[in-house]
Amino acid sequence: MTLPEFKLLRPRTTAEAIALLAQHAGSIRILAGGTDLLPSMQQKLFEPQYVLDIGRIAELKGIRRQPDGGVEIGALTALTNIERSDVLRQHYPVLPEAAKTVASPVLRNMGTIGGNICLDTRCLWYNQSLQWRKSCAFCIKKDGDLCHVAPGGTECWAVFSGDTPAALLCLDAEIEIASTSGLRCVRLADFYTGIGDDHRRLRPDELVTRVFLPASSAGYRGAYRKLRIRGSIDYPLAGVAVVLKRSSEHIEDVRVGLTAVNPAPVLVKGTAELLAGRRMTEEWAEAAGVLAAQTAKPLTTSALPPEYRREMIRVFTKRAVFSLATET
Ligand SMILES: Cc1cc2nc3c(=O)[nH]c(=O)nc-3n(C[C@H](O)[C@H](O)[C@H](O)COP(=O)(O)OP(=O)(O)OC[C@H]3O[C@@H](n4cnc5c(N)ncnc54)[C@H](O)[C@@H]3O)c2cc1C
């Protein structure tokens, strides 16, 4: 599987990058670490005329404490640096927990947080070679008009399968987006559409530049649990991030984020209302697990059955909520 032909553009500043995006919008793709884009280009899922390699833009790298106690992360920060960051491990532990499960060490050295947030959605019928897809008459997401997952349907159900966005949703993260029209900030929760073949609210001339973690989300305990086929490298087939704040008596707040079971990463609604003010018991942890499983809508987009993936969402949520609330 060779790469299609393209022209490589290598800006050194954000200003240069967004000018190039505006100039070639529609025929250009952003390349950060390239760990997802390049395999997809080899499979001819994308055949852009231009590739914008942003890897040399130093101003988009790094993790910085904000004066208000929050944290700013450059979109080009490698996942390894997020996994190892003392500031994040101390104040926002759910994020390094999720980052350290992405792919493998080599891929985390190359892969960036911006690329993880902007990751394309995945499906058994989509992430295949051109020949394979052609033999199945293609699909809605690429080159065809039928859905193999929901036959007769007109919507694409490809699944968002990045690990860190579930954790970032729990932390109420915002992202900064730059274009030649200026900067805009959006809550990550508003960034995803929930539509498999058009999953991000990002124009072709826009670049994600920074991620902000608010001071109000610092100090929560955090856990990330993930189901995958090969424990050493694979994308999640079900992922649960949990953050929890407690006093010596009871739970004060809890948030649960899911990934790899819907076309967007999602926060489970109602978890705080269910658990805040309570002492944790097996029964309340089970109730949180059931709520999370009801939010998960997996379909046959991967090699593991949807029923099993939904069940693992229940199990992971129950275990994570219980241990965060009870361990000293
Ligand atoms: C074998 C294998 C296993 C993997 N396992 C996992 C896994 O377990 N979990 C997981 O989450 N991922 C996994 N990945 C995917 C990938 O390694 C990570 O998601 C990584 O974080 C992607 O970041 P990147 O910088 O390499 O993105 P790229 O491949 O460079 O880009 C990914 C997408 O984001 C867009 N993009 C990148 N940066 C920006 C930006 N700043 N602004 C706007 N758009 C942008 C690109 O145009 C592209 O569409 C795996 C990949 C491989 C090859």
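Residues numbered from 1 in each chain as written. Predicted model: local features only at pLDDT ≥ 70, side-chain atom pairs only at ≥ 80, totals over all residues. Heavy atoms only, no water.

Take the overall build of the protein next. Helix and strand counts for the protein come out as 12 helices and 12 strands. Each principal axis of the C-alpha atoms in the protein carries an extent, and together these give about 60 × 50 × 35 Å. Buried residues in the protein amount to 54% of all 328 residues. Considering only intrachain contacts with a sequence separation of at least 6, the fraction spanning at least 24 residues in the protein is 63%. (Helix = DSSP H or I, 4+ residues; strand = E, 2+ residues; numbered from the N terminus. Buried < 20%, exposed > 50% of the residue type's maximum accessible area, 1.4 Å probe, protein only. Contact = heavy atoms within 4.5 Å.)

Of note in the backbone geometry, alanine 103 takes a positive phi value of approximately 45° without being a glycine. Relative to the elements of secondary structure, alanine 103 occurs in the loop between α5 (94–99) and α6 (105–110). Of note in this structure, aspartate 143 is not a glycine but carries a positive phi near 75°. Mapping aspartate 143 onto the fold places it in the loop between α8 (130–135) and α9 (164–170).

We now examine the site of the ligand. Close to the ligand lie 34 residues; Ile30, Thr35, Thr112, Asp163 and Asp234 are nearest. Within the backbone of glycine 34, one N or O atom sits 2.8 Å away from an oxygen atom of the ligand. Within the backbone of tyrosine 235, a nitrogen or oxygen atom sits 3.4 Å from an oxygen atom of the ligand. Out of a free accessible area of 970 Å², the ligand has 94% covered by protein chains. Counting residues per element, the ones that place at least two in the shell around the ligand are β2 (28–31), α7 (113–118) and β8 (207–213). When the residues that make up the shell around the ligand are grouped by side-chain class, the tally is 18 nonpolar, 11 polar and 5 charged. Residue contributions to the shell around the ligand reach at least three from each of two domains, namely domain 1 (1–54) and domain 2 (63–118 + 159–326). (Near = heavy atom within 4 Å. Polar contact = N/O pair within 3.5 Å; in protein donor to acceptor, adjacent residues only side chain to side chain. Areas by Shrake-Rupley, 256 points an atom, 1.4 Å probe, with all protein chains shown as cover. Nonpolar A, V, L, I, M, F, W, Y, C, P; charged D, E, K, R; others polar. Domains from an automatic or database assignment.)

In contact at an axis separation of 7 Å, helix α11 (residues 282–295) and helix α12 (residues 306–326) are set at 140° when each is read in the N-to-C sense. Here α11 and α12 pass one another in a crossing that is right-handed. Taking contact as the criterion, the partners of Glu282, Ala285, Glu286, Ala288, Gly289, Val290, Ala292 and Ala293 in α11 are, on α12, Arg310, Ile313, Arg314, Thr317, Lys318, Val321 and Phe322. Tallied by class, the residues present in the contact of α11 with α12 amount to 8 nonpolar, 2 polar and 5 charged. (Axes fitted to C-alpha atoms, helices over the stretch in contact; angles between N-to-C directions. Left-handed = near helix turned anticlockwise from the far one by under 90°.)

The next subject is the pattern of salt bridges. Evaluated as defined, the whole model comprises 23 salt bridges. Residue arginine 314 pairs with glutamate 286 through a salt bridge whose shortest N-O separation is 2.8 Å. Here arginine 314, found in helix α12, pairs with glutamate 286, found in helix α11; they are 28 residues apart in sequence, far enough to count as distant. Looking at arginine 314, the relative accessible area reads 18%, which means it is buried. Salt bridges sharing partners connect three or more residues here, namely Glu282, Glu286, Glu311, Arg314 and Lys318. (Salt bridge = Lys/Arg side-chain N within 4 Å of Asp/Glu carboxyl O.)

Looking at the assigned domains, one finds that the protein contains domain 1 (1–54) and domain 2 (63–118 + 159–326). When each unit is reduced to the centre of its C-alpha atoms, the spacing between domain 1 and domain 2 is 27 Å. Taken together, the 15 residues of domain 1 in the interface contact 15 residues of domain 2. For the pair domain 1 and domain 2, the two sides together bury roughly 1,100 Å², of which 73% comes from carbon and sulfur. The three residues of domain 1 that bury the most area against domain 2 are Ile18, Thr35 and Ile54, which together make up 38% of that side's buried surface. Across the domain 1-domain 2 interface, the total number found is 0 salt bridges. Inspection of the region where domain 1 meets domain 2 yields 1 residue pair in polar contact (both at pLDDT 80 or more). Looking at the side of domain 1 that touches domain 2, the elements with two or more residues in it are α1 (14–24) and β2. At 6 residues, α1 tops the list of elements feeding residues into the side of domain 1 that touches domain 2. Split by residue class, the side of domain 1 that touches domain 2 holds 9 nonpolar, 4 polar and 2 charged. (Buried area = accessible area lost by both parts, 1.4 Å probe.)

Spatial strand order, β1-β3-β2: 3 strands in an open sheet with parallel pairing. On the outer flanks of this sheet lie β1 (7–9) and β2, each paired with one strand and no other. Neighbour-to-neighbour, the strand axes of the sheet open up by a mean angle of 25°, direction not taken into account. (Pairing = 2+ DSSP bridges.)

For the structure shown, the criterion picks out 0 disulfides. Cysteine 139 takes part in no disulfide bond, and the closest cysteine sulfur to it belongs to cysteine 156, at a distance of 6.3 Å. Judged by its relative accessible area of 9%, cysteine 139 falls in the buried class. In this model cysteine 147 remains outside any disulfide bridge; the closest cysteine sulfur is found in cysteine 156, 6.5 Å from its own. (Disulfide = S-S within 2.5 Å.)

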